[in-house]
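One letter stands for each residue in the lines below.
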Amino acid sequence: MAEDEDEAGYDEELDDGSGGMDVGGHGRRKRLFSKELRCMMYGFGDDQNPYTESVDILEDLVIEFVTEMTHKAMSIGRQGRVQVEDIVFLIRKDPRKFARVKDLLTMNEELKRARKAFDEANYGS
Amino acid sequence: MADPARIKPEVKPERTSSANEEHPKSDGADDGPATSKPADVNKESSSQDPAKQEEKSDMAAGEDEEEGTSDQASKRLKLEPEKKKERRQKVDEDEIQKMQVLVSSFSEEQLNRYEMYRRSAFPKAAIKRLIQSITGSSVSQNVVIAMSGISKVFAGEIVEEALDVCEKWGETPPLQPKHMREAVRRLKSRAQIPNTKYKQILFQ
């Protein structure tokens, strides 16, 4: 997949003369996650300044991942909608992601409860 | 999953005040880092304050006692789930203490990297926009939270595999596109990358 994208990008470069831009298969969409992905790659073990091309490849992969998950979630459970239960179901075989989703949702509930309790305490006084 | 922040929910007043600090900053922008930020604020302060660490483990023990009294109060509940919960919380706390010991012995560079690892997150607004552009209808906040969470895990898996590849080929970081592509190829063969484009027709 990534190799095909790269070859297509190379050909486009020759035709357009758009000079040095590794477009990839997803077109000239503006880079959505460049800054965050850089920090993330450093956090996961890469160099403090990762290569831009690597960041681009990772961004394309993440966008494709989100797209695939969304499509799958739309096709199960309630059709045409994406619900948390669908995501949890899709991820059930992957222990890391499953545990992470459970943790996140639990923590979110706790935070909501804590904020609510704090607001009520404020309101009372 | 070990999270030194786990210990904090018992310390409710402390936690909500720090959550409130984050509020003015994070409410305007996305809530993305907010879920990890309060945890981080507490973690950072704990790694610098060894005295505070002991306080927290005391409060954790106190929390166990509270569990005991509520256990007596609701006798009609089966005892087994309660025992399991207490055991799980004890394991949790052991893990949290081990993490605290580990983090307190980090070098400066390791601390930086760990901070980046905990704090980096995908912007919730962009993920929400992306999902909504695919579904055409709005999605709940929990979906966005779940999706950004697993996307981060996904990115981590790729980077880790790419670092393995890089090391195996005897090269050094920063990672190059060829490492990333080889990592993707390997993960695909392990079916860790979803792919619904090519459906194999077994019997034709």
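Please refer to the structure placed before this passage.
What counts as what
- Residues numbered from 1 in each chain as written.
- Chains lettered and ligands numbered in written order.
- Predicted model: local features only at pLDDT ≥ 70, side-chain atom pairs only at ≥ 80, totals over all residues.
- Heavy atoms only, no water.
- Helix = DSSP H or I, 4+ residues; strand = E, 2+ residues; numbered from the N terminus.
- Buried < 20%, exposed > 50% of the residue type's maximum accessible area, 1.4 Å probe, protein only.
- Contact = heavy atoms within 4.5 Å.
- Areas by Shrake-Rupley, 256 points an atom, 1.4 Å probe, with all protein chains shown as cover.
- Core = buried A, V, L, I, M, F, W, Y, C linked by side-chain atoms within 4.5 Å.
- Axes fitted to C-alpha atoms, helices over the stretch in contact; angles between N-to-C directions.
- Parallel < 35°, antiparallel > 145°, perpendicular 65-115°, else oblique.
- Nonpolar A, V, L, I, M, F, W, Y, C, P; charged D, E, K, R; others polar.
- Buried area = accessible area lost by both parts, 1.4 Å probe.
- Salt bridge = Lys/Arg side-chain N within 4 Å of Asp/Glu carboxyl O.
- Polar contact = N/O pair within 3.5 Å; in protein donor to acceptor, adjacent residues only side chain to side chain.
- Phe/Tyr/Trp six-rings, centres within 6.5 Å; stacked < 30°, edge-to-face > 60°.
- Lys NZ or Arg CZ within 6 Å of the ring centre and 35° of its normal.

1. Notes on the overall build of chain B
Right, on to step 1. Within chain B, the secondary structure is distributed over eight helices and zero strands.
Right, on to step 2. When the helices and strands of chain B are read in sequence order from the N terminus, they spell out α-α-α-α-α-α-α-α.
Right, on to step 3. Residue burial in chain B is summarised as follows: out of 204 residues, 42% are buried.
Right, on to step 4. A separation of at least 24 residues holds for 54% of the contacts in chain B among residues at least 6 apart in sequence.
Right, on to step 5. Of the roughly 11,800 Å² that chain B leaves accessible, carbon and sulfur atoms contribute 50%.

2. Focus: the overall build of chain A
Right, on to step 1. The number of helices and strands found in chain A is five helices and zero strands.
Right, on to step 2. Start at the N end of chain A and walk to the C end: the helices and strands fall as α-α-α-α-α.
Right, on to step 3. A total accessible area of about 7,100 Å² is found for chain A, and carbon and sulfur atoms account for 50% of it.

3. Concerning the nonpolar core
Note that soluble globular proteins tend to have their nonpolar side chains buried in a common cluster.
Right, on to step 1. Residues A:Phe33, A:Leu58, B:Met147, B:Ile150, B:Leu175 and B:Met180 are the most contacted members of the largest nonpolar core, which totals 48 residues.
Right, on to step 2. Going through the elements one at a time, helix H2 (34-44), helix H3 (52-75), helix H4 (84-90) and helix H5 (95-124) of chain A together with helix H6 (124-135), helix H7 (141-168) and helix H8 (177-189) of chain B are the ones with two or more residues in this core.
Right, on to step 3. In terms of residues, this core owes the most to one element, H7(B), which gives twelve residues.
Right, on to step 4. Residue contacts for B:Leu175: discarding those within four places in its chain leaves A:Met41, A:Asp46, A:Tyr51, A:Ser54, B:Val159, B:Ala162, B:Leu163, B:Cys166 and B:Met180.

4. Notes on the packing of H2(A) against H3(A)
Residues and elements named next belong to chain A.
Right, on to step 1. As a packed pair, H2 and H3 sit with axes 10 Å apart at the nearest point and diverge in direction by 105°. Relative to H3, the element H2 lies roughly perpendicular. Every residue of H3 that contacts H2 at Ser34, Leu37, Arg38 and Met41 is listed here: Thr52, Ser54, Val55, Leu58 and Glu59.
Right, on to step 2. Class assignment of the residues belonging to the contact of H2 with H3 gives a composition of four nonpolar, three polar and two charged.

5. Describing the interface of chain A and chain B
Right, on to step 1. Facing the 59 residues of chain A at the interface are 59 residues of chain B.
Right, on to step 2. Taking both sides of the interface into account, the surface hidden between chain A and chain B amounts to around 6,100 Å²; carbon and sulfur atoms contribute 71%.
Right, on to step 3. Taken together, the connections running from chain A to chain B amount to three salt bridges.
Right, on to step 4. With its nearest N and O atoms 3.0 Å apart, the salt bridge here joins B:Glu160 to A:Arg96.
Right, on to step 5. Seen at the junction of chain A and chain B, the total is nine residue pairs in polar contact (both at pLDDT 80 or more).
Right, on to step 6. Secondary-structure elements contributing two or more residues to the side of chain A that touches chain B are helix H1 (2-16), H2, H3, H4 and H5 of chain A.
Right, on to step 7. With 17 residues, the top contributor of residues to the side of chain A that touches chain B is H3(A).

6. Let's talk about the side chain of B:Arg186
Right, on to step 1. Summarising the element assignment, B:Arg186 is placed in helix H8.
Right, on to step 2. The residues contacting B:Arg186, other than those within four sequence positions of it, are B:Glu161, B:Val165 and B:Lys168.

7. Digging into the packing of aromatic side chains
Right, on to step 1. All told, the structure shown has five aromatic pairs over all chains when counted by the stated rule.
Right, on to step 2. Centroid distance B:Tyr114 to B:Tyr117: 6.1 Å. Interplanar angle 35°. Geometry classified as tilted. In this pair, B:Tyr114 and B:Tyr117 both sit in helix H5 (residues 108-119), three residues apart, roughly one turn of the helix.
Right, on to step 3. If you follow A:Arg92 out to its NZ or CZ, it ends over the ring of A:Phe89, 4.0 Å from the centre.
Right, on to step 4. The ring of B:Tyr117 has B:Lys152 sitting right over it, with the charged end atom 5.5 Å from the ring centre.

Read these as spatial facts, not as claims about activity.
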